[in-house]
Every structure is written in C-alpha cells, then in structure tokens.
Amino acid sequence: MTLCARTRNFSNSNIRYSSLHSSDDVRVWKTRQMLIVRPSVDEWEIAREIRLASLLNTPLAYGTTHSQALRTSEAEWRRRIADPRSALFVVMAGDSPIATASGGEHELHPHARWLYGMYCDPRYRGSEVATSLVRAVSSWVRSQGVSDFGLHVNEALPRAVSFYRRLGFLPTGASEALRRDPTQRLVEYMTNLDENDEL
Ligand SMILES: CC(C)(COP(=O)(O)OP(=O)(O)OC[C@H]1O[C@@H](n2cnc3c(N)ncnc32)[C@H](O)[C@@H]1OP(=O)(O)O)[C@@H](O)C(=O)NCCC(=O)NCCS
C-alpha cells in the first residue's frame, strides 16, 4: 500500500494529517509512530485482517463472532468500505494493521453517529494509538455535521470502559443485552463533541 502523500499540520493537536486523494476526502492521519488510514475497497483485506484479530482477542467486545466474520465475503467487505454512511479506519505500523474502529449510523439515534468495532493490538495498548484512532473517527463525525457521538461497551470490559470515560464519554443510563449472548450487558455511552475537550 502506498502511503506517501501530501501532509499538513492538523490543528489543535500534534497529529499530522495526510490525504491520499486530491479531493477533500480525509483518508490518512499520520504521527511519528503510525498511520491512520481509511482503506480503499481494494485494500479490504487489511480491514478483514485486523477485524479477525479483534474477534479472536476480545470476543466479548463485539456482536459478531470470529467464525461469522471468517465467512464474510470479499463483496461484503467492499460494500462496507464503500458505504458513504460509515467510515472504517485502520492504524498501520509499517505494513501491519494494529488497530481499527469505524464510525457509522445507529438506527435508534438518527441524530448521532456511533463508534463501532474499536480494537487495539495488545502490544500498542497504553500508547496514543487508541486515543488517536477515536479522534480520527470523531473528526469524521464532525465532518458529517453531527455533534452527538455514542457507543456501546460491554460492562465486563473495565479497561475499555475506563478508556471511553477518559475520552469524555458518559453513560446515558440505557443498556441492552448482547444479542448472541444475553448474559452480556452492553452499556450505552455518549459525548457531545461541541463540549468535549478530549476529542
Ligand atoms: C479498548 C481499547 C481500544 C483501549 O485502548 P488502550 O490503549 O488499552 O487504552 P488506554 O491504555 O489509553 O486506556 C485504558 C484505560 O484503562 C485503564 N485500565 C487498564 N486496565 C484496567 C482494568 N483492568 N480495569 C480498569 N481500568 C483499566 C488504564 O489505566 C487507562 O485509564 P487511564 O488512561 O485513565 O489511566 C483496548 O484496550 C482494546 O482494544 N481492548 C480490547 C477490545 C475492546 O475492549 N474494545 C472495546 C469495544 S467497545
């Protein structure tokens, strides 16, 4: 994957931003240690690789299982990446995907955008990787003209809960069962990006 591109400083942070395309498509963010990319449809295997890693590492975090994801077709991956209502991000360390997250719509919250599929390789946890990734997704949310940014997190994952709280997400009081395992409770968190100093 060719990642050389024009760069410019990104306001209000030390993150650098690159765009591979000449349009205003915000596609690549760059820091000294990593690149945050939005894979093209032809780069779907990068998204698949890190998604499968996430499902093996932390099955309780997601609504899909590893075996279900293994059966997801190339056509479906391409459709997901091309969907203009969502944005899939992957963090690259060299040629390896090390973290991923998506922004998208939520049927019960039409005026918000939602964080989905958040994952960081254990070797990169406790670094700036995951925070920078959520900032990239939140920038996409703002680009949609939306301020409300929400997510669901399994209450059995205290590290993830602490992470989201540090970034300014607060519980709304709503929760729901994980459909494929109703013993697991997903708690809803939300932040307003107009009032959030972290994102
Ligand atoms: C969730 C995730 C992306 C966060 O990235 P990270 O690099 O681990 O996050 P950080 O290290 O920046 O922050 C984690 C916070 O949890 C705290 N923490 C670590 N272990 C903890 C534990 N066992 N219990 C409670 N808090 C814990 C850390 O101290 C830190 O809080 P602080 O910044 O206030 O000190 C990453 O842990 C991950 O991929 N986890 C597996 C998948 C997952 O749970 N995804 C969430 C889906 S909703």
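Each remark here, short or long, concerns the structure printed above.
Residues numbered from 1 in each chain as written. Predicted model: local features only at pLDDT ≥ 70, side-chain atom pairs only at ≥ 80, totals over all residues.

Draft legend 1. Structural context of the overall build of the protein chain. In terms of helices and strands, the protein chain carries five helices and 10 strands. Looking at the 199 residues of the protein chain, the share that counts as buried comes to 31%. (Helix = DSSP H or I, 4+ residues; strand = E, 2+ residues; numbered from the N terminus. Buried ≥ 20, exposed ≤ 12 C-beta atoms within 10 Å, placed from the backbone.)

Draft legend 2. Quick peek at the site of the ligand. Neighbouring the ligand are 17 residues, the closest being Arg125, Ala130, Pro158, Ala160 and Ser162. For the shell around the ligand, the elements supplying multiple residues, two or more each, are β7 (112–120), α4 (129–143) and α5 (158–166). The element contributing the most residues to the shell around the ligand is α5, with six residues. Here the residues of the shell around the ligand are counted per class, giving 10 nonpolar, four polar and three charged. (Near = placed C-beta within 6 Å. Nonpolar A, V, L, I, M, F, W, Y, C, P; charged D, E, K, R; others polar.)

Draft legend 3. Examining the nonpolar core more closely. Phe89, Val91, Leu133 and Val137 are the most contacted members of the largest nonpolar core, which has 43 residues in total. Broken down by element, this core gets its largest block of residues, eight residues, from α4. Once residues lying within four places of it in the same chain are set aside, the contact partners of Phe89 are Ile36, Arg38, Thr100, Ala101, Ser102, Leu133, Ala136 and Val137. (Core = buried A, V, L, I, M, F, W, Y, C linked by C-beta atoms within 7 Å. Contact = placed C-beta atoms within 7 Å.)

Draft legend 4. Focus on the pairing of β7. Of all the nine residues making up β7, seven are buried; the element is thus mostly covered by neighbouring parts of the structure. Summarising the sheet, β7 and strand β8 (residues 148–154) pair through four bridges and their orientation is parallel. When the sheet's bridge partners are listed, Leu115 is paired in β8 with Leu151. With α4 bridging β7 and its parallel neighbour β8, the resulting β-α-β unit is right-handed. (Pairing = 2+ DSSP bridges. Right-handed = clockwise from strand over helix to strand, strands pointing away.)

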